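The primary structure of each chain is shown beneath.
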Amino acid sequence: KFATGEDLNGHSVTVTVKKMSIEKLSPRPGQPPEDRFILYFEETFKGVILSRTLADQIASILHNDETDQWIGEKLTLYPLPLTVAGKSRIAIRARKPAQV
């Protein structure tokens, strides 16, 4: 249901923000669900869980902290390999789209 860095297959993709929703997700099995912000895009059916890092990147790119004003804006998502708690992961990060 949610995109991961692995879904990008090592490639960047430019997307258009469709909507933001708040959904209850369990951080780990057996833990109570928490409210998490999910970004959805016009070009894909999977949403992206909005981490603080990703939110900060998008706010900086769009020069706007108001998530409801991100609708219709374009971003380029890219995979970033990193280590979290000793485990290799591929995070989704954002940058300004290339000018056409």
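As shown above, the structure is provided for reference.
A brief structural summary. Remember, it's a predicted structure, so these values are computed and weren't measured experimentally.

**Things to note about the layout of surface pockets**
Size it by volume and the largest pocket reaches roughly 670 Å³. Lining the largest pocket we find 19 residues, and of these T4, V84, R89, I90 and A91 sit closest to its centre. For the lining of the largest pocket, the residue count by class is 10 nonpolar, four polar and five charged.

**Observations regarding the sheet that holds strand β1 (residues 13–25)**
The strand order across the open sheet built from five strands is β3-β2-β1-β4-β5, with neighbouring strands paired in antiparallel fashion. Single-partner strands in this sheet number two, and they are β3 (48–49) and β5 (87–95). The pairing of β1 with strand β2 (residues 34–41) spans eight bridges and is antiparallel. Each bridged residue has a counterpart across the sheet, and for S21 the counterpart in β2 is I38. Across the sheet, helix α1 (residues 52–62) is in contact with β2, β3, β4 (74–84) and β5; its angle to β5 comes to roughly 20°.

**Let's talk about the pattern of salt bridges**
Using the criterion set out here, one finds three salt bridges in the structure. For K1, the salt bridge is made with E23, and the minimal N-O distance between the two is 3.2 Å. Of this pair, K1 sits in the segment before β1 while E23 sits in strand β1, placing them 22 residues apart in sequence. Using a relative accessible area of 63% as the deciding quantity, one classes K1 as exposed. Notably, a salt bridge pairs D35 with K24, separated by 2.9 Å at the nearest N-O pair. Taken together, the residues span a long stretch of sequence, with D35 in strand β2 and K24 in strand β1 at a distance of 11 residues. The exposed category is assigned to K24, whose relative accessible area is 58%.

Criteria and thresholds
Numbering of residues begins from 1 in every chain and follows the order in which that chain's sequence is written. Since the coordinates come from a predicted model, pLDDT governs what is reported: local features require at least 70, and pairs of side-chain atoms require 80 or more to be given and counted, while whole-chain, interface and lining totals use all residues. Think of the side-chain values as coming from all heavy atoms in the structure, minus any hydrogens and water. A 1.4 Å probe that fits but cannot get out identifies a cavity on a 1 Å grid over protein atoms alone, an open set with protein on both sides within 12 Å along at least five of seven lines counts as a pocket, and a residue lines either if it has an atom within 4 Å of a point. Grid points are joined across faces, edges and corners, and a volume is the space filled by probe spheres set on the points. The nonpolar class holds Ala, Val, Leu, Ile, Met, Phe, Trp, Tyr, Cys and Pro. Asp, Glu, Lys and Arg form the charged class, and all remaining residues, Gly among them, are polar. The pairing criterion for strands is at least two bridges between them, as found by DSSP. Strands here are runs of E lasting at least two residues and helices are runs of H or I lasting at least four, both read from the DSSP assignment and numbered beginning at the N terminus. Between two residues, a contact is recorded if the distance between any of their heavy atoms is within 4.5 Å. Axis definition: a line fit to C-alpha positions, over the contact stretch in the case of helices; interaxial angles, taken between N-to-C directions, run 0 to 180 degrees. One speaks of a salt bridge when a side-chain nitrogen belonging to Lys or Arg is within 4 Å of a carboxyl oxygen belonging to Asp or Glu. Here's how the labels work: a residue is buried when its accessible area is under 20% of the maximum for its type, exposed when over 50%, partly exposed in between, all with a 1.4 Å probe on protein chains only.

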